[in-house]
Amino acid sequence: MTDTKKPNKLPSVLTYDDVRAVSPALEYYTKGPLLDGLWKRPDLSPRDRSVITVSALIARIQTIEMPFHFALALDNGVKASEFSEIITHLAFYAGWANAMSAVAVAKDIFHQRGIGIDQLPPANDKLLPLNEEAETQRATQVSNNFGNVSPGLVQNTTDLLFRDLWLRPALAPRDRSLVTVSSLIASGQVAQITYHLNRAMDNGLTQSQASEVLTHVAFYAGWPNAFSALPIVKEVFEKRHK
């Protein structure tokens, strides 16, 4: 979203004049409560807010806002390598088509900024150390519960996700968890929130930051998705305090 009276530094499909012509009230809420309110709350850094927003947009294939927020994320300190890895990660957690939709937008942003393949994570990289005990416990539990239902899914979850994707070094574990939790809330996948929110907090996301994720996602994925996640988040917080 850009002001038509100023140079268009961030790519955008819509201007404030466009929004005003259709809904003056929406322009007011965009300028005030959203950009001058939510984005300036101190509970999360601008970089974190960009990570959350980008994740929500990709999870929901909201391409109209992608150019602005992809560029803003880079301006807010998300490295090109991290941005690339966010898209890769969300292919697994939001779907391949969602990731490809993000690629279609990001390629132009990368080209405009002179971001080449030499600045991006390699397809195969030295992986981070694996917590063998925790992963064995997770894999055993999932296999016992669902191994007879879909052995292929269970095996791919172990081999591709938790012994590969989650160990790629281009995205810090906390950020990878932040991307995952944000996309789950944004897409209404509440059944997966308990595990991944606990993992996020184990990876360094604080309770106040996790709380603010809900506040932020409400604007970009709608209040119903944020409120649907509230009981699960509440339960996670309560159990971690016991």
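Anything mentioned here points back to the structure above.
These remarks concern the structure in this document.

About the thresholds
Residues numbered from 1 in each chain as written. Predicted model: local features only at pLDDT ≥ 70, side-chain atom pairs only at ≥ 80, totals over all residues. Heavy atoms only, no water. Patch = residues over 30% accessible without salt bridge, like charges linked within 9 Å, V, L, I, M, F, W, Y side chains within 5 Å. Areas by Shrake-Rupley, 256 points an atom, 1.4 Å probe, with all protein chains shown as cover. Salt bridge = Lys/Arg side-chain N within 4 Å of Asp/Glu carboxyl O. Helix = DSSP H or I, 4+ residues; strand = E, 2+ residues; numbered from the N terminus. Buried < 20%, exposed > 50% of the residue type's maximum accessible area, 1.4 Å probe, protein only. Axes fitted to C-alpha atoms, helices over the stretch in contact; angles between N-to-C directions. Parallel < 35°, antiparallel > 145°, perpendicular 65-115°, else oblique. Left-handed = near helix turned anticlockwise from the far one by under 90°. Contact = heavy atoms within 4.5 Å. Nonpolar A, V, L, I, M, F, W, Y, C, P; charged D, E, K, R; others polar. Phe/Tyr/Trp six-rings, centres within 6.5 Å; stacked < 30°, edge-to-face > 60°. Lys NZ or Arg CZ within 6 Å of the ring centre and 35° of its normal. Expected span 1.5 Å × (residues − 1).

The next subject is a nonpolar patch on the surface. Taken together, the side chains of Phe92, Trp96, Met100, Val103 and Leu160 define a hydrophobic patch exposed on the protein surface, amounting to about 480 Å² of accessible area. Looking at the nonpolar patch, the element that brings in the most residues is helix α6 (residues 96–112), giving 3 residues. Tracing the chain through its elements places leucine 160 in helix α8 (residues 151–162). The exposure class assigned to leucine 160 is partly exposed, which follows from its relative accessible area of 38%.

Put simply, helix α9 (residues 173–186) and helix α10 (residues 193–202) touch, their axes get as near as 9 Å, and they point 150° apart. The orientation of α9 with respect to α10, classified from their angle, is roughly antiparallel. Remark: the crossing between α9 and α10 carries left-handed chirality. Contacts between α9 and α10 involve Ser177, Thr180, Val181, Leu184 and Ile185 from the former and Ile193, His196, Leu197, Arg199 and Ala200 from the latter. Here the residues of the contact of α9 with α10 are counted per class, giving 6 nonpolar, 3 polar and 1 charged.

Attention now goes to the packing of aromatic side chains. Scanning the model with the defined rule gives 8 aromatic pairs in all. One aromatic cluster is present, built from ring pairs that chain together Tyr93, Phe162, Trp166 and Tyr195. Here the basic side chain of lysine 31 rests over the ring of tyrosine 16, its NZ or CZ set 4.7 Å away from the ring centre. Positioned above the aromatic ring of tryptophan 166 is the side chain of arginine 199, whose terminal nitrogen or guanidinium carbon lies 4.3 Å from the ring centre.

Our focus in this paragraph is the environment of valine 13. Residue position: valine 13 is located in the segment before α1 (16–22). C-alpha of valine 13 to C-alpha of isoleucine 185: the two residues are 172 residues apart in sequence and 26 Å apart in space.

What follows covers helix α11 (residues 207–221). Here α11 is 15 residues long and its end C-alpha atoms lie 21 Å apart, about the 21 Å a rise of 1.5 Å per residue gives. Restricting attention to buried positions, one finds in α11 the residues Gln209, Ala210, Glu212, Val213, Leu214, His216, Val217, Ala218, Tyr220 and Ala221. Buried-residue contacts for α11 involve α2 (24–37), α3 (46–60), α4 (66–75), α9, α10 and α12 (223–241). One or two steps after α11, the chain reaches glycine 222, where phi turns positive at roughly 95°.

Attention now moves to the pattern of salt bridges. On inspection of all chains with the given rule, the structure shows 21 salt bridges. Close ionic contact of arginine 20 with glutamate 27 constitutes a salt bridge, the shortest N to O distance being 2.7 Å. Each member of the salt-bridge network shares a partner with another, and the members are Arg47, Asp48, Glu82, Arg174 and Asp175.

What follows covers unusual backbone geometry. Notably, isoleucine 61 is not glycine yet its phi reads approximately 50°, a positive angle. Among the structural elements, isoleucine 61 can be located in the loop between α3 and α4.

Right, let's get into the packing of α3 against helix α5 (residues 80–93). Between α3 and α5, the least distance of the axes is 11 Å, while the angle of their chain directions is 35°. Between α3 and α5 the crossing geometry is right-handed. Across from Arg47, Val51, Val54, Ser55 and Ile58 in α3, the residues of α5 making contact are Glu82, Phe83, Ile86, Ile87 and Leu90. Looking at the contact of α3 with α5 residue by residue, the classes come out as 7 nonpolar, 1 polar and 2 charged.

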